[in-house]
Amino acid sequence: MSILEVCDLSIGYGKQRIVRNVSFTLKKGEILAIVGESGSGKSTLLRALIGKTPGGGQVNKGEIIYENQDLTSLNQTQLRKIRGKSIAMIFQSPGGTLNPVRKIGSQFIEAIRTHIEITKAEAYHKALEILTKLHFKNATQIMEAYPFQLSGGMKQRVAIALALALEPDILLADEPTSALDATVQKKVIDEMLELRKHFNTAIIIVTHNICLASYIADKVGVMYLGQFLEFGTAEEILLSPQHPYTRALLDSVPDLSQKKTLTGIEGQRYGFHELPSGCSFSNRCKEGGVSCKDLVPPKTVSDHGHVCICNQLMNHRQDRNAKK
Amino acid sequence: MKRLILKRLLQLGIILLSVSVAVFLLVNLAPGDPAYIKLSAQGETPTNERVEEERIAMGLDQPLHIQYFSWLGQVIQGDFGSSYRTDQPVINTLLKSFPYTLVLALAAFIVMLLISVPLGVLTAVKKNSLADYFIRVLSFFSASLPEFWLALILLYLFALQLKWLPVMGKGELKSMIIPAFSLGVVLSGKYIRQIRTALLEELDADYALGARTRGLTEKTVMYAHIMRNASISILTMLAMSFGALLGGTAVIENMFMWPGMGRMIVEAITWRDIPVIQGFALFMAGVYCLINLMVDLSYGLLDPRIKIRKESGQ
Ligand SMILES: Nc1ncnc2c1ncn2[C@@H]1O[C@H](COP(=O)(O)OP(=O)(O)O)[C@@H](O)[C@H]1O
Ligand SMILES: [Mg+2]
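Residues numbered from 1 in each chain as written. Chains lettered and ligands numbered in written order. Predicted model: local features only at pLDDT ≥ 70, side-chain atom pairs only at ≥ 80, totals over all residues. Heavy atoms only, no water.

Enquirer: Which parts of the structure should I look at to understand the overall build of chain A?
Expert: Summing up its helical and strand segments, chain A has 11 helices and 12 strands in all. Dimensions of chain A, computed from C-alpha atoms along their principal axes, come out at roughly 65 × 50 × 35 Å. Counting the 324 residues in chain A, one finds 54% classified as buried. Long-range pairs, those at least 24 residues apart, make up 64% of the contacts in chain A between residues at least 6 apart in sequence. Surface exposure of chain A reaches about 14,700 Å², of which carbon and sulfur atoms provide 50%. Where the 39 positive side-chain charges of chain A centre and where its 32 negative ones centre are 3 Å apart. (Helix = DSSP H or I, 4+ residues; strand = E, 2+ residues; numbered from the N terminus. Buried < 20%, exposed > 50% of the residue type's maximum accessible area, 1.4 Å probe, protein only. Contact = heavy atoms within 4.5 Å. Areas by Shrake-Rupley, 256 points an atom, 1.4 Å probe, with all protein chains shown as cover. Lys, Arg positive; Asp, Glu negative; His and termini not counted. Charge placed at Lys NZ, Arg CZ, Asp CG, Glu CD.)

See the structure below:
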């Protein structure tokens with residue numbers, strides 16, 4: 001059963017439309033990764049899901065259905081009851097969500113008591129419980145510590161634990177490992193996988209690393225200039241990508257066995273203010289035709305829900321079939 | 001912690017030493033012969049002979065650096081010399097008038113706090129609301145008011161018309177109300193805006209966004225998170241304002257015949273009472289440094305990052 005359903009969501013800053021017609025569903029315990037270069041609107045989309053779009057941002061169109069209610073129609077007071085309790089969020093800066101001048105324990109207690117009416121002592125125990133469940137060895141010391149006394153990876157793990165204090169249904173993670181060392185990254189990611197096992201938390205993780213996405217996620221949304229150009233299971237995205245942009249992303253990943261280095265995708269993408277009427281990836285697409293710029297690409301949905309927005313999809317399929 | 005205090009005390013010593021050189025040179029190189037000034041201040045007719053005698057008595061015939069070191073030696077022992085005019089030890093004059101200024105400055109400081117902290121917070125919380133706009137305009141006004149003008153208005157209203165308060169007094173509580181308000185209100189205009197800015201700077205900080213995503217009310221985010229973080233810079237600001245207040249009461253003190261340091265120094269300048277001027281400058285520099293030191297030390301209480309580093313002796 002799906003726990004979150006985003007339908008045709010569009011978000012803009014002023015007149016500028018940033019997120020455009022994004023749709024997806026998320027099941028209980030499912031992990032969705034949103035990948036794409038920076039500036040493609042990933043953070044904007046994620047923060048809209050808890051009604052906290054960055055200053056000036058606004059949902060223009062669409063619905064975010066959670067527990068039979070449309071979150072876009074709720075006011076801040078109603079949203080506050082969902083934030084942290086049902087839908088939690090962590091960010092890129094390790095532990096940046098933690099207040100630097102307050103003890104970690106007090107922030108746990110505060111967060112818990114915001115949503116459930118229990119005493120401080122009870123909240124303290126609940127926090128300890130969570131930390132222990134997530135395999136923190138010295139939970140009591142961590143409760144007494146200030147954020148700056150922990151390492152970056154540890155801070156991010158604590159931030160995750162704090163976000164999970166109330167066992168939310170959904171965890172939104174905005175590039176949670178981008179600022180961490182490679183060795184620590186794995187630990188944090190594994191922890192996220194673990195908590196999905198423990199609490200059956202659904203996770204939406206934003207990243208610009210498509211490998212990481214396919215490692216952790218069940219489903220992947222490939223975002224480009226505010227659109228999900230492709231959406232499908234991690235397996236399909238990784239093994240049989242349909243959209244040229246997805247392929248370009250995969251090709252740009254350094255691969256040690258083939259001695260390929262990171263190339264990035266050639267060309268400059270359109271600005272949000274100069275989007276063509278047709279495909280927004282057309283100016284960098286190696287596989288597109290001349291008409292792509294003006295031709296509105298159709299949204300192709302396969303039987304099992306794989307989505308691809310591309311003018312050339314039919315041609316590509318034929319090409320590849322011919323090759324086989 | 002001990003090392004920090006020692007380091008700060010050493011800095012304090014260096015600052016005071018530089019101030020002492022400046023004070024010494026400034027006054028001694030100013031036009032006019034101190035001996036002549038002293039004699040006339042004491043009501044003598046300064047004949048050439050008397051001036052010459054006095055110059056030798058005061059050691060003014062010595063080279064400048066010798067003069068400085070003998071003066072400094074005395075200052076270190078707490079002897080700032082004697083007033084030209086009253087012949088009283090300067091230190092006595094300073095200690096007699098300082099409490100009055102201190103009390104007045106404290107009262108003004110409290111008035112300032114009571115006005116600027118709540119209003120500063122309010123304008124930050126209700127950013128861009130009508131209340132914010134209104135208070136900001138008002139604070140702009142009050143910051144640009146001359147204190148004496150406000151004092152005159154208050155005097156007219158509360159002393160002359162309503163007769164609730166005395167026009168002037170000899171240092172008792174009731175006579176302090178108008179001066180303290182005049183100083184405090186004008187100062188609060190400036191600090192409302194500074195507190196607002198300090199809070200707004202933190203409004204979009206990561207930890208504030210984090211707190212919001214945990215479902216905390218905007219009020220809790222403001223009071224338990226943002227204010228806690230901003231309190232360090234606000235504390236510094238306010239402490240500095242207290243130093244400024246101590247040195248900035250002269251106009252009001254003279255207006256209200258308040259027997260504090262501001263009145264003392266204006267009188268001393270009028271009479272060119274050099275030892276008093278020197279004593280005052282050094283004394284105020286010392287007070288400033290002490291306030292600074294206290295602010296530094298109190299950081300540790302507010303900011304665990306500093307406190308814990310201090311405790312672990314780093
Ligand atoms: N507060 C804002 N006001 C106006 N434009 C914004 C704001 N935040 C982000 N944007 C614009 O929205 C686009 C997407 O930003 P963002 O959602 O942060 O992308 P990503 O997370 O994928 O890097 C960017 O082009 C950025 O300039
Ligand atoms: Mg981002």
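Enquirer: Can you walk me through the overall build of chain B in this structure?
Expert: Of the regular secondary structure elements, chain B holds 14 helices and 0 strands. Overall, chain B shows an N-to-C arrangement of helices and strands of α-α-α-α-α-α-α-α-α-α-α-α-α-α. With the principal axes as the frame, chain B shows a C-alpha extent of 85 × 60 × 30 Å. Here chain B holds 314 residues, and 43% of them are scored as buried. Considering only intrachain contacts with a sequence separation of at least 6, the fraction spanning at least 24 residues in chain B is 73%. For chain B, the computed accessible surface area is about 16,500 Å², with 67% contributed by carbon and sulfur atoms. Here chain B contributes 28 positively and 23 negatively charged side chains, and the mean placements of these two sets differ by 13 Å.

Enquirer: Would you explain the sheet that holds strand E9 (residues 219-224) of chain A in this entry?
Expert: As a general point, the strands of a sheet are linked pairwise by backbone hydrogen bonds and lie either parallel or antiparallel. Residues and elements named next belong to chain A. Sheet architecture is open: 8 strands sit in the order E6-E7-E8-E3-E9-E10-E12-E11, paired in mixed fashion. Looking at the sheet topology across the chains shown, the edges are occupied by strand E6 (87-90) and strand E11 (299-301). The mean angle between the axes of side-by-side strands here comes to 20°, regardless of whether they run parallel or antiparallel. Across 5 bridges, the pairing between strand E7 (residues 170-174) and strand E8 (residues 202-207) is parallel. Within E8, the residue paired with Leu172 across the bridge is Ile204. (Pairing = 2+ DSSP bridges. Axes fitted to C-alpha atoms, helices over the stretch in contact; angles between N-to-C directions.)

Enquirer: What exactly am I supposed to notice about the site of ligand 1 here?
Expert: Residue and element names in this part refer to chain A. Taken together, 13 residues form the shell around ligand 1, and within it Gly39, Gly41, Lys42, Ser43 and Thr44 come nearest. In this structure, a nitrogen atom belonging to ligand 1 sits 3.2 Å away from a side-chain N or O atom of Tyr13. In isolation ligand 1 has 560 Å² of accessible area, and contact with the protein removes 64% of it. Per-element tally for the shell around ligand 1: the top contributor is helix H1 (residues 42-48), with 3 residues. In terms of residue class, the shell around ligand 1 is made up of 4 nonpolar, 7 polar and 2 charged. (Near = heavy atom within 4 Å. Polar contact = N/O pair within 3.5 Å; in protein donor to acceptor, adjacent residues only side chain to side chain. Nonpolar A, V, L, I, M, F, W, Y, C, P; charged D, E, K, R; others polar.)

Enquirer: Looking at this structure, I do not really get unusual backbone geometry. What am I missing?
Expert: Glycine aside, the phi torsion of most residues is negative, and most peptide linkages are trans. Residues and elements named next belong to chain A. In this structure, Asn200 takes a positive phi of about 60° despite not being glycine. Tracing the chain through its elements places Asn200 in the loop between helix H7 (182-199) and E8. Under the relative-accessibility criterion, Asn200 is labelled partly exposed at 35%.

Honestly, that's just the spatial picture; any functional story needs more than this.
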